[in-house]
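Survey of secondary and tertiary structure
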Amino acid sequence: MSATSDNSSKETLTITDNRTGKQYEVPIKDGTIRAMDLRQIKTDDAEDFGLMTYDPAFMNTASCKSTITYIDGDRGVLEYRGYPIEQLAEQSSYLEVAYLLLHGELPTAEQMKQWTWDITHHTFINENIRKVLDGFHYNAHPMGMFEAMVAALSTFYPESKNIRDEACRRKQIHRLIAKVPTIAAFAYRHRVGLPISYPDNDLSYEGNFLNMMFKTTELKYQPNPVLEKALSVLFILHADHEQNCSTNTMRSIGSAETDPYSALAGAAAALYGPLHGGANEAVLRMLNEIGSIDHVPEYVKRVKAGEFRLMGFGHRVYKNYDPRARIIKQIAYEVFEVTGRDPLLDLALELERIALEDEYFVKRRLYPNVDFYSGIIYRAMRFPVDMFPVLFAIPRTSGWLAQWVELLNDPEQKIARPRQIYLGQRTRDYVSMSQRGDGAAAGQAAGGA
Ligand code: CMC
């Protein structure tokens, strides 16, 4: 593709179809052309469907308009509703940020009081949902249990299908934000064989979560304020990240007007993948595998040889230091004041140092992302490695819900349904089995499915 310029300035794009010599002028709005404006571009063939765009993995396609989260990946900027992530991490709390994401503005004192009450008074789950856990093997991955229990909630709240009823929707939002820490902690207790620790509504959102995770014989669990604050910051940093894989899943399922519990279970499943929210778990496993600082250069060499990826590095949008990783790196030191320093931090720092100096990473603009340091803090706080993706899902719940509400209120949105370029066989006659010969070669050619 080439570009020439003249002096005319107009918010349109002129396209010449060299197949026909015809010209088309399509509007440009917000730096974007509408893919549907290309459909008019056709050859003289009456069968021609019209021009489409091909964009596997949505590399250059906006699927929605949004006012929730702004990212400038080149500059390493992240804002929720216009507020820089650094200011929110320093001055806000997770529940306040959840309110901001969902309502568009920071709450007044009165609104915050009501919001906290609404969330706090939905933290319990029906005992029958708890019993769902009994069906899981003792070593079931907590993220699998989390997804299943969130999906199960839809059967307890059938009214949640009324997705166009605002008051009903609000109720499900309260329930989901309130219950995800309970579900997560119950899954953990099942995993380690400890009795359930029920919610304590006197505590903060984060403090109560720590209570449900770690309370043993004490009559009243007192969370360590440094760890409570660190968890709040981590939750703030993970609350939303515009149209990432799991949010796109939430919107895609939501576009079919599915209830929010089922949609959120699907979003959590997307988050579970090691290229997405499962990366924090993968980072810890990687650091343990590397084992010591002397092994770092050899490991980086193998990454460069394409044997595997450096987990916690690289991002589709950030081509600069992920601002969340910078904040997490800072709070790691505060957490270690309480828990003692984790030697894996030194390993991670060395890995980062070597990678950031290496041409392979520099050329591809690969920097540490949010998952690189979060696992080290979670580990220091005594969270087991397989809980890490669940710790991502708890705060991302507010982001998923904010995006879901935005989708439902957007008159331009319809059921999500991408197009495809069909390159397979066309209409042919069925061949009976006796006449098919040895099908092995044909099966392999088709991908062996
Ligand atoms: N280690 C080594 N090489 C990498 C890495 C990595 N972590 N990430 C990208 N590359 C290389 C990749 O091989 C490719 O090289 P080449 O041009 O020679 O083929 C180039 O960089 C571009 O990579 P890509 O796969 O086209 O980039 P993408 O935007 O499709 O992938 C990513 C983004 C996050 C999936 C990827 O960087 C990755 O797999 N990172 C490791 C997993 C990870 O940390 N994920 C967490 C992301 S942040 C939190 C979240 O979203 O949940």
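Structure: above.
Predicted model, so just to flag it, every value in this text is computed and none were measured.

A contiguous nonpolar patch, built from Phe49, Met52, Tyr54, Ile421 and Leu423 and spanning about 580 Å² of accessible area, is present on the exposed surface. Inspection of the secondary structure puts phenylalanine 49 in the loop between strand 2 (22–27) and strand 3 (69–72). The exposure class of phenylalanine 49 is partly exposed, given its relative accessible area of 39%.

Turning our eyes to something else, we now look at unusual backbone geometry. Even without glycine at this site, arginine 81 takes up a positive phi of about 50°. As for its position among the elements, arginine 81 is in the loop between strand 4 (77–80) and strand 5 (83–84). Since its relative accessible area comes to 21%, arginine 81 is described here as partly exposed. Of note in the backbone geometry, glutamate 257 takes a positive phi value of approximately 65° without being a glycine.

Bringing the packing of helix 10 (residues 260–272) against helix 17 (residues 388–409) into the picture now. Contact geometry for helix 10 and helix 17: axes closest at 10 Å, N-to-C directions at 130°. Between helix 10 and helix 17, the crossing angle belongs to the class labelled oblique. The two elements helix 10 and helix 17 meet at a crossing, and its hand is right-handed. Judged by residue contacts, Pro260, Leu264, Ala267, Ala268 and Leu271 of helix 10 engage Pro389, Phe392, Ala393, Thr397, Trp400, Leu401 and Trp404 from helix 17. Here the contact of helix 10 with helix 17 is composed, by residue class, of eleven nonpolar, one polar and no charged.

Right, let's get into the nonpolar core. Looking at soluble globular proteins, one finds that nonpolar side chains tend to be buried together. Tyr80, Trp115, Phe146, Phe209, Met286, Leu287 and Phe383 are the most contacted members of the largest nonpolar core, which has 121 residues in total. In terms of residues, this core owes the most to one element, helix 17, which gives 13 residues. Ignoring sequence-local partners within four residues, the contact set of tryptophan 115 consists of Leu95, Ala98, Tyr99, Leu102, His103, Ile173, His174 and Ile177. In this structure, Ile15, Val26, Leu38 and Ile41 belong to the second largest nonpolar core, which totals five residues.

With that out of the way, let us pick up the site of the ligand. Surveying the vicinity of the ligand reveals 20 residues, the closest of which are His276, Arg309, Leu310, Gly312 and Arg316. Contact distances for the ligand include 2.6 Å between an oxygen atom and a side-chain N or O atom of histidine 276. Against a free-state accessible area of 940 Å², the protein chains account for coverage of 73% of the ligand. When the residues that make up the shell around the ligand are grouped by side-chain class, the tally is ten nonpolar, six polar and four charged.

Right, let's talk about the layout of surface pockets for a bit. Its boundaries defined by the atoms lining it, the second largest pocket holds a volume of some 270 Å³. Put simply, the parts of the chain that give the lining of the second largest pocket at least two residues each are helix 2 (94–103), helix 3 (109–120), helix 6 (166–192) and helix 17. Broken down by element, the lining of the second largest pocket gets its largest block of residues, five residues, from helix 6.

What follows covers the side chain of serine 154. Tracing the sequence through the fold places serine 154 in helix 5 (residues 142–156). The contacts of serine 154, once residues within four sequence positions are left out, are Asp259, Tyr261 and Ser262.

Our focus in this paragraph is the environment of glycine 207. Among the secondary structure elements, glycine 207 is positioned in helix 7 (residues 205–214). Along the sequence, glycine 207 and serine 232 sit 25 residues apart, while their C-alpha atoms lie 9.2 Å from each other. Contact partners of glycine 207, with chain neighbours within four places excluded, come to Tyr221, Pro223 and Glu228.

Cut-offs used in this document
Residues numbered from 1 in each chain as written. Predicted model: local features only at pLDDT ≥ 70, side-chain atom pairs only at ≥ 80, totals over all residues. Heavy atoms only, no water. Patch = residues over 30% accessible without salt bridge, like charges linked within 9 Å, V, L, I, M, F, W, Y side chains within 5 Å. Areas by Shrake-Rupley, 256 points an atom, 1.4 Å probe, with all protein chains shown as cover. Salt bridge = Lys/Arg side-chain N within 4 Å of Asp/Glu carboxyl O. Helix = DSSP H or I, 4+ residues; strand = E, 2+ residues; numbered from the N terminus. Buried < 20%, exposed > 50% of the residue type's maximum accessible area, 1.4 Å probe, protein only. Axes fitted to C-alpha atoms, helices over the stretch in contact; angles between N-to-C directions. Parallel < 35°, antiparallel > 145°, perpendicular 65-115°, else oblique. Left-handed = near helix turned anticlockwise from the far one by under 90°. Contact = heavy atoms within 4.5 Å. Nonpolar A, V, L, I, M, F, W, Y, C, P; charged D, E, K, R; others polar. Core = buried A, V, L, I, M, F, W, Y, C linked by side-chain atoms within 4.5 Å. Near = heavy atom within 4 Å. Polar contact = N/O pair within 3.5 Å; in protein donor to acceptor, adjacent residues only side chain to side chain. 1 Å grid on protein atoms, 1.4 Å probe; cavity = no way out; pocket = protein on both sides within 12 Å on 5 of 7 lines; lining within 4 Å. Points joined across faces, edges and corners; volume = space filled by probe spheres on them.

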